[in-house]
Amino acid sequence: MVLSSDPDVRLAFSRDASGLQMLPDSVARAADAADVVEVIQNAIATGIPVTPAGSQTSMTAASITDQGTLLSLAGMKRVIDVDTEKRIARVEPGLTIGALNRVLSESGLQFAPDPTSEHDATIGGAIACNASGARSLRYGATRRHVRGVSVVHADADVAYYSRTGIEKNTVGYAFAQDPIDWFIGSEGTLGIVVEAELSLVALPASPIGLAIPFASDESALGFVVAARRQLDERTGREARCLEYFDREAVAMAGAASGRPWSDNEVALVYLEDDAGEGSLDAALDAWLELGERHGAVTESIRVFDGAQPLRDARVMRHAVPAGMNERGDSFRPQGGRKVSTDWAVPYQRLGEALAFSREANALHGAPDPVTYGHAGNGHPHQNFLAENKEMLGRIYAAVEDTLRRIVGIGGTVSAEHGLGKLKRDWLTLQLRPREIAAMRALKHSLDPKGLLAPGNIL
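In this report, we go over the structure that sits alongside the text. (Residues numbered from 1 in each chain as written. Predicted model: local features only at pLDDT ≥ 70, side-chain atom pairs only at ≥ 80, totals over all residues. Heavy atoms only, no water.)

Strand-to-strand pairing in sheets goes through backbone hydrogen bonds, with the strands running parallel or antiparallel. One open sheet holds the five strands; their spatial order is β5-β6-β10-β8-β9, and the pairing between them is antiparallel. Sheet topology places β5 (79-83) and β9 (158-162) at the edges, where each strand pairs with a single neighbour. Pairwise comparison of adjacent strand axes, ignoring direction, gives a mean angle of 10° for this sheet. Relative to strand β10 (residues 192-199), helix α2 (residues 33-46) is tilted by about 145°, and along the sheet it contacts β8 (146-152), β9 and β10. (Pairing = 2+ DSSP bridges. Helix = DSSP H or I, 4+ residues; strand = E, 2+ residues; numbered from the N terminus. Axes fitted to C-alpha atoms, helices over the stretch in contact; angles between N-to-C directions. Contact = heavy atoms within 4.5 Å.)

This is the structure we're talking about:
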């Protein structure tokens, strides 16, 4: 284990993807589980808290701290074992999802969750915030794919938790029947994952991607609802992802691809499907027919067939958050930055929720956001640019108003990024005091001295 209080080292670990900067008192870099235990033992002896981190791709400042030690697990990146027959992988937390999937691809397998930064995002980070991504429409979030975890507790004890696998269980409260779920989504506050056992899925046989432009947002969202219903009811083609782009996001994606869309194409839906053993033409014809019924600009549809074209499509999609991050960074000297929302609603009500946002933005004088993302799950990302501190306040006021109405129609303030430090104040918008008290009770039971990830969630 390497522990450093060197100013340059501390500075190197002071930022994540949130746009905030926090300077830790020291940085510990673990090479194995024994190092993590040593760090926790030191924390117990000194009372100095510990915040675990992977590649620091958190959007909510969960992987940075200005209280105590920043514990980097990025060096713990082994693939311990892969059982191709049972479709199980055992890995360390610092392994990136992209690196794992490169290994698994040789066996025709993959780890299904696909956060935007999959080549930087670590398995431990994905578990910490229950990450998902575009393919969560078909496969669900990280929780579904975690079979077991080894955890270093706040008392330095190491324990293994796994799914019970039984179909019926009436022993105790429901939350205690699968304690593995305490740690998935806990953002480092309840224990530090040092090994994970993951469920794998088969790679699609014949994946294809389609970028379908529309002349209006309403047409694009209508198409998304129809496509999602097909998936739910198994009445047609079943998309792996349904990603929405508004006008500005379409422009950014088109510029990144080198083939801009026209001014008439103001919204876009990107989807992926698996043609399987059937006809590629049949799959394309089915999506074309659905698109035509919902006003798609069919002559401008783009097809991504094959490994390299699908990678190109992913680059096109990822150009939007990457571009917004770059723009946000330019406003840091003035006290501004990018602000990204992570709310979600029942997918049928996404259009209504976006209207809430427009009303709140106008009321508070906030700028129009760039909106893109997982419309098939009712989960867009809205990226605002705050040019200065005053505009940052306007944006936060508008977002909070939007979130109140989002929760009112059965939505959530955070669908995949977690709360971290940036969004923890919005916990009370969604959970009742009793529910928060139960969370605090579990936190106190597992970490009575408050040594783990102070400031995250609670």
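After that view of the structure, there is still more to cover.
Overall, the coordinates contain 23 salt bridges when judged by the stated rule. Across the salt bridge formed by Arg 163 and Asp 181, the nearest N and O atoms sit 2.9 Å from each other. Of this pair, Arg 163 sits in the loop between β9 and α6 (174-177) while Asp 181 sits in helix α7 (residues 180-183), placing them 18 residues apart in sequence. What makes Arg 163 partly exposed here is its relative accessible area of 27%. A salt bridge links Glu 400 to Arg 404; the shortest N-O distance between them is 2.9 Å. Of this pair, Glu 400 and Arg 404 both sit in helix α13 (residues 389-408), separated by four residues, roughly a single helical turn. (Salt bridge = Lys/Arg side-chain N within 4 Å of Asp/Glu carboxyl O. Buried < 20%, exposed > 50% of the residue type's maximum accessible area, 1.4 Å probe, protein only.)

Another point: the pairing of strand β15 (residues 302-305). A one-sided burial pattern is seen for β15, the buried positions being Arg 302 and Phe 304 and the unburied ones Val 303 and Asp 305. Summarising the sheet, strand β12 (residues 207-214) and β15 pair through four bridges and their orientation is antiparallel. Looking at the pairing, Leu 210 lines up with Val 303 of β15.

As a further point, take the side chain of Asp 114. Structurally, Asp 114 can be placed in the loop between β7 (109-110) and α4 (123-129). Relative accessible area serves as the criterion here: at 2%, Asp 114 is assigned to the buried category. Setting aside chain neighbours within four positions, we find Asp 114 in contact with Ser 132, Gly 133, Ala 134, Arg 135, Ser 136 and Arg 314.

The next subject is helix α15 (residues 433-446). Along its 14 residues, α15 runs 20 Å from first to last C-alpha, staying within 8% of the 20 Å computed at 1.5 Å per residue. Three or more residues of α15 are buried, namely Ile 436, Lys 443 and Leu 446. With its buried residues spanning 90° around the axis, α15 presents them on a single face. Of the residues in α15, the exposed ones pointing more than 90 degrees away from the buried face are Pro 433, Arg 434, His 444 and Ser 445. Those residues of α15 hidden inside the fold are in contact with α7 and α14 (427-430). (Expected span 1.5 Å × (residues − 1). Arc of directions from axis to C-beta.)

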